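Residues per chain, in single letters:
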There are 2 protein chains.
Amino acid sequence: MKIISSRDNRYIKDCIKLKMRKYRDITGLFVIEGKRMMEELIACPDLKIRHVFIEESVANDYDLEVFNSEVFLINSKLMAEISDTDNPQGILAVVEQPIWNKENLKKDASVLVLLDGITDPGNMGTIIRTSWVFNVDGVLLTSGCVDPYSHKVVRSTMGGILNIPIFRNITISDIEDLTAANFSLLGSTVNDAKKYYEYDFTIPTIIIIGSEGQGMSSSLAKRCHDLITIPINPNADSLNAGVACGIILSEVLRQRDD
Amino acid sequence: MKIISSRDNRYIKDCIKLKMRKYRDITGLFVIEGKRMMEELIACPDLKIRHVFIEESVANDYDLEVFNSEVFLINSKLMAEISDTDNPQGILAVVEQPIWNKENLKKDASVLVLLDGITDPGNMGTIIRTSWVFNVDGVLLTSGCVDPYSHKVVRSTMGGILNIPIFRNITISDIEDLTAANFSLLGSTVNDAKKYYEYDFTIPTIIIIGSEGQGMSSSLAKRCHDLITIPINPNADSLNAGVACGIILSEVLRQRDD
């Protein structure tokens, strides 16, 4: 275990840069931090850890061998610099963003969630977490979405980001490819449509979740094979995107379990 | 319309103090801000507005008569001081916290949500919003919950806080009162229990939503008449509290609509 004590150290500087999307995109790396997320990381042996930063106070809580990577001992001041939270938990890892093969979706997947222009990191994190919880086979993102590997999204996924395939920059042509392979494209609307529990979720389906402000884009809307709605109090505002996604996905599992 | 230009003005200083729970509790006031929330406020004539702060740039967008209260014209610098957001929308109101009568619940209510130790403002806001969307008759809070009138909770309710009765500092004796009046107390668990859609939500029910970390408290758990669970992928982490609440409440409306 090497000791780093200077903010000018290359590893520290590079880690701070990963707070910016630009550097995450260039390097293909992202940061995970905290006790809970480290447990999830250790449980995912396919993920490649570049290095781990740890404070002395928690170093004895971990078997450092399991990380299979270089571990740097740092002080709490440096941890505060590289961490994105107000109360860092003394451990942080730099991890390679997993690369998933879109082609596999056509043969292996059966339920996919497509996020269309979701810009709120908390909402995206909750949706990825919920997709994991309800056995979704992959989360597809259009180019207008927030970066799923941003610190805040990663945290809100509660480990989901490490466990579910994520596909970015999904285009209309990708969607056409999947619908040609028998996926049904399902949109949701606040207007009159089939109730969500009247849809047959046992067929391969791509569920579109649009942004709270805008809904789904017109280029997707016109390609939908079907539309669903979640019945609500007509005097109330709409549902939070993460909650709406959870309600639809709980129905998917309910139909498939029965 | 009076003009306020000094940070030392009493109304400005009092409004800044409302960022602290202590002053909200003492005064019985809270703050709502932004265009969307002001529209909701105007649609709730029963709420008493103490005063409104407005910037010149948006003053013409509103019919100031509808507020039925004093309106102060302030500059953007003062608005930034009293606002809790990074991008204030030029309008903010100080409003009296509505007082609801617990006794009415026994005769008028049929579905209640009880939040037990929910400390995350975003989660509480989402749950209040979702409760409104699904026609819940009231939201009950134990004393361990975050203040529902904090700026962040109010914002996340998207107007829900203005439209649904909220009861704070709910005790075990309040719960016993309601169960004596025929309410069934329903807990949720991650362990083996009835699936949430196997419960009969047409009977008067108090749905307990526990904190994400701790679940519901033992004093409530031992009083539950029934327990439900939301089936999930056994390898995944638990659901977000707001999402879990949305899934259960969508089922309530589904059963009652049928």
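Basis of the calculations
- Residues numbered from 1 in each chain as written.
- Chains lettered and ligands numbered in written order.
- Predicted model: local features only at pLDDT ≥ 70, side-chain atom pairs only at ≥ 80, totals over all residues.
- Heavy atoms only, no water.
- Helix = DSSP H or I, 4+ residues; strand = E, 2+ residues; numbered from the N terminus.
- Rg over C-alpha atoms; globule rule 2.2 N^0.38 Å.
- Buried < 20%, exposed > 50% of the residue type's maximum accessible area, 1.4 Å probe, protein only.
- Contact = heavy atoms within 4.5 Å.
- Areas by Shrake-Rupley, 256 points an atom, 1.4 Å probe, with all protein chains shown as cover.
- Lys, Arg positive; Asp, Glu negative; His and termini not counted.
- Charge placed at Lys NZ, Arg CZ, Asp CG, Glu CD.
- Buried area = accessible area lost by both parts, 1.4 Å probe.
- Salt bridge = Lys/Arg side-chain N within 4 Å of Asp/Glu carboxyl O.
- Polar contact = N/O pair within 3.5 Å; in protein donor to acceptor, adjacent residues only side chain to side chain.
- Nonpolar A, V, L, I, M, F, W, Y, C, P; charged D, E, K, R; others polar.
- pLDDT = per-residue confidence, 0-100.
- Pairing = 2+ DSSP bridges.
- Axes fitted to C-alpha atoms, helices over the stretch in contact; angles between N-to-C directions.
- Parallel < 35°, antiparallel > 145°, perpendicular 65-115°, else oblique.
- Left-handed = near helix turned anticlockwise from the far one by under 90°.
- Core = buried A, V, L, I, M, F, W, Y, C linked by side-chain atoms within 4.5 Å.

Asks: Mind showing me how you'd approach the overall build of chain A here?
Replies: Secondary structure assignment for chain A yields 12 helices and 12 strands. Its C-alpha atoms give chain A a radius of gyration of 20 Å, near enough to 18 Å, the size a compact globule of 258 residues would have. For chain A, the spread of C-alpha atoms along the three principal axes comes to 60 × 40 × 35 Å. Within chain A, the fraction of its 258 residues that count as buried is 54%. When contacts within chain A are restricted to residue pairs at least 6 apart in sequence, long-range pairs at least 24 apart make up 77% of them. Summing over all exposed atoms, chain A offers an accessible surface of approximately 11700 Å²; the carbon and sulfur share of this is 46%. Side-chain charges in chain A split into 27 positive and 35 negative, and the spacing between the mean points of these groups amounts to 5 Å.

Asks: Looking at this structure, how should I read the interface of chain A and chain B?
Replies: As a measure of interface size, the accessible area lost when the parts come together is often cited. Counting residues at the interface gives 32 residues for chain A and 32 residues for chain B. Surface buried jointly by chain A and chain B totals about 2700 Å² across both partners, of which 52% is contributed by carbon and sulfur atoms. For chain A, the biggest contributors to the area lost against chain B are Arg-129, Asp-237 and Arg-254 of chain A; these three give 24% of the whole. For the salt bridge of Arg-254 of chain B with Glu-251 of chain A, the shortest nitrogen-to-oxygen distance reads 2.8 Å. Along the contact surface separating chain A from chain B lie 16 residue pairs in polar contact (both at pLDDT 80 or more). Secondary structure elements with two or more residues in the side of chain A that touches chain B: helix H7 (121–133) and helix H12 (241–257) of chain A. Of the residues that constitute the side of chain A that touches chain B, the class distribution is 14 nonpolar, 10 polar and 8 charged.

Asks: Where do I start with the confidence of the model for chain A in this structure?
Replies: Low pLDDT means the predicted coordinates in that region are not meant to be read closely. When the pLDDT values of chain A are averaged, the result is 95; 100% of them are 70 or greater. Our summary of model confidence lists the complex with pTM equal to 0.93 and ipTM equal to 0.92.

Asks: Mind showing me how you'd approach the sheet that holds strand S3 (residues 49–55) of chain A here?
Replies: Sheet strands pair by backbone hydrogen bonding; their relative direction is either parallel or antiparallel. All names here are of chain A. Pairing in this open sheet of 5 strands is mixed, and the strands run S1-S4-S3-S5-S2 from one edge to the other. Both outer strands of the open sheet, strand S1 (2–3) and strand S2 (29–33), are each paired with one neighbouring strand and no more. Here S1 runs beside strand S4 (residues 70–74); their pairing, made up of 2 bridges, is parallel. Counterpart to Ile-3 in the pairing with S4 is Leu-73. Running at roughly 105 degrees to S3, helix H1 (residues 10–17) makes contact with S2, S3, S4 and strand S5 (91–96) of the sheet.

Asks: Explain the packing of H7 of chain A against H12 of chain A here, please?
Replies: Packed helix pairs are characterised by how far apart their axes lie and by the angle those axes make with each other. Residue and element names in this part refer to chain A. Packing of H7 against H12 brings their axes to within 8 Å, and their N-to-C directions diverge by 15 degrees. As judged from the angle between their axes, H7 and H12 are roughly parallel. As H7 runs across H12, the sense of the crossing is right-handed. Along its contact with H7, which presents Asn-123, Thr-126, Ile-127, Thr-130 and Ser-131, the element H12 presents Ala-241, Gly-242, Cys-245, Gly-246 and Leu-249. Taken together, the residues of the contact of H7 with H12 sort by class into 4 nonpolar, 6 polar and no charged.

Asks: Teacher, can you tell me more about the nonpolar core here?
Replies: The nonpolar side chains of a soluble globular protein tend to be buried with one another. Formed by 122 residues in total, the largest nonpolar core has its most connected members in Ile-32 and Leu-115 of chain A together with Ile-32 and Leu-115 of chain B. If near-sequence neighbours (up to four positions away) are discounted, Ile-32 of chain A is found in contact with Met-37, Met-38, Leu-41, Leu-92, Ala-93, Val-95, Val-154 and Leu-162 of chain A.

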